[in-house]
Amino acid sequence: MFYYVLKYVLLGPLLRLAFRPRIEGLEHVPDDGAAIVAGNHLSFSDHFLMPVVLRRRITFLAKQEYFTGPGLKGRLTAAFFRSAGQIPVDRSGKEAGQAAIREGLGVLAKDELLGIYPEGTRSHDGRLYKGKVGVAVMAITAGVPVVPCAMVGTFEIQPPGKVVPKLKRVTIRFGAPLDFSRFAGMEGEKAAIRAVTDEIMYEILALSGQEYVDEYAARVKEAEAAKPGAPRRFPRRKR
């Protein structure tokens, strides 16, 4: 219930007024049934701007840190994300990927929209990075279409580290649904899930026009943070 209050009363009208999102290809998002919306991730603002323009409710897999912050601010942030329909996912440890897949499949089993950022983290420099294969495993296992989505301009309004976004127009672009039924039963085959993931990332790239980097964003961040004299902006991953 609170999700719709946020979308139509409290937050949605404010975001539409402030950022005047230009929406392209909205007709590609199915009006009913399970589907995955897979997008690039440039800004904290992405979490809010995409849901605002969709006709349906969408559930995102969000990093657990949004739900475990200390103090009053942490509790308020956690309450907000839960009310907005976000599901916390622990991204550390060997079981993190499987946990995210289980949560995502649970959403799809209810014939709902699942939102996911295949890069696994926000781009720190505005480029598009190699996708993780969890999105492919979910698409093949659940037998659902994947709608590619490109957020354009959100990096400029709120890059990582910027708390208050600039008031500037953004574009949210959806592509035609991708059908991976030809890979049915192949969710355990590495070559198949890599091929599906790369196809999804290619479609996002075509929509966004970003420069592509064939490396995982988290690894690039870690490497940059390890350079002598580099600012400690990106915490090292847990092993």
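So, here's what we can say about the structure. (Residues numbered from 1 in each chain as written. Predicted model: local features only at pLDDT ≥ 70, side-chain atom pairs only at ≥ 80, totals over all residues. Heavy atoms only, no water.)

## Details of the nonpolar core
Across soluble globular proteins, nonpolar side chains show a tendency to be buried alongside one another.
Then comes step 1: In this structure, Ile36, Met138, Val146, Phe180 and Ile200 are the most contacted members of the largest nonpolar core, which totals 30 residues.
Then comes step 2: Contributions of two or more residues to this core are made by β2 (35-39), β4 (87-89), α5 (96-109), β5 (113-116), α6 (134-142) and α8 (190-208).
Then comes step 3: With residues up to four places along the chain from it excluded, the contact list for Ile200 reads Ala38, Val135, Val146, Leu178 and Phe180.
Then comes step 4: By size, the runner-up hydrophobic cluster in this structure holds 28 residues, among which are Leu15, Leu49, Leu54 and Val147. (Core = buried A, V, L, I, M, F, W, Y, C linked by side-chain atoms within 4.5 Å. Buried < 20%, exposed > 50% of the residue type's maximum accessible area, 1.4 Å probe, protein only. Helix = DSSP H or I, 4+ residues; strand = E, 2+ residues; numbered from the N terminus. Contact = heavy atoms within 4.5 Å.)

## Focus: helix α9 (residues 217-226)
Then comes step 1: Restricting attention to buried positions, one finds in α9 the residues Ala217, Ala218, Val220, Lys221, Glu222 and Ala225.
Then comes step 2: For α9, the elements touching its buried residues are β6 (128-129).

## Focus on unusual backbone geometry
Then comes step 1: Within the chain, Arg20 stands out as a residue other than glycine whose phi angle is a positive 40 degrees.
Then comes step 2: Position of Arg20 among the secondary structure elements: in the loop between α2 (12-19) and β1 (22-24).
Then comes step 3: In this structure Arg20 comes out as partly exposed when scored by relative accessible area, which is 46%.
Then comes step 4: Even without a glycine there, the phi angle at Asp111 is positive, about 60 degrees.
Then comes step 5: Structurally, the position occupied by Asp111 is in the loop between α5 and β5.

## Quick notes on the sheet that holds β5
Then comes step 1: Pairing is mixed in the open sheet, where seven strands are placed in the order β1-β8-β7-β2-β5-β3-β4. Bordering the open sheet on either side are β1 and β4, each of which pairs with just one other strand. Going across the sheet, the axis of each strand differs from the next one's by a mean of 25 degrees, ignoring polarity.
Then comes step 2: As judged from the four bridges shared by β2 and β5, these two strands associate in the parallel manner. Bridging from a neighbouring strand, Ile36 pairs with Leu114 of β5.
Then comes step 3: The strands touched by helix α3 (residues 46-53) are β1, β2, β3 (58-63), β7 (146-152) and β8 (171-174); relative to β8, the strand with the most contacts, the crossing angle is about 65 degrees.
Then comes step 4: Across the sheet, α6 lies against β2, β3, β5 and β7, angled at about 160 degrees from β2, the strand it touches most. (Pairing = 2+ DSSP bridges. Axes fitted to C-alpha atoms, helices over the stretch in contact; angles between N-to-C directions.)

## What about the pairing of β7?
Then comes step 1: The buried fraction of β7 amounts to six of the seven residues, a majority that puts the element mostly inside the structure.
Then comes step 2: When β2 meets β7, the two strands line up parallel, connected through four bridges. Paired with Ile36 across the bridge in β7 is Val146.
Then comes step 3: With four bridges joining them, β7 and β8 adopt antiparallel strand pairing. The residue of β8 that forms the bridge with Val152 is Thr171.

## Side note on α6
Side chains that are three or four residues apart share a direction in an α-helix, a result of its 3.6 residues per turn.
Then comes step 1: Along α6, the positions that sit buried rather than exposed are Val135, Ala136, Val137, Met138, Ala139 and Ile140.
Then comes step 2: Just downstream of α6 lies Gly143, where phi reads positive at about 65 degrees.

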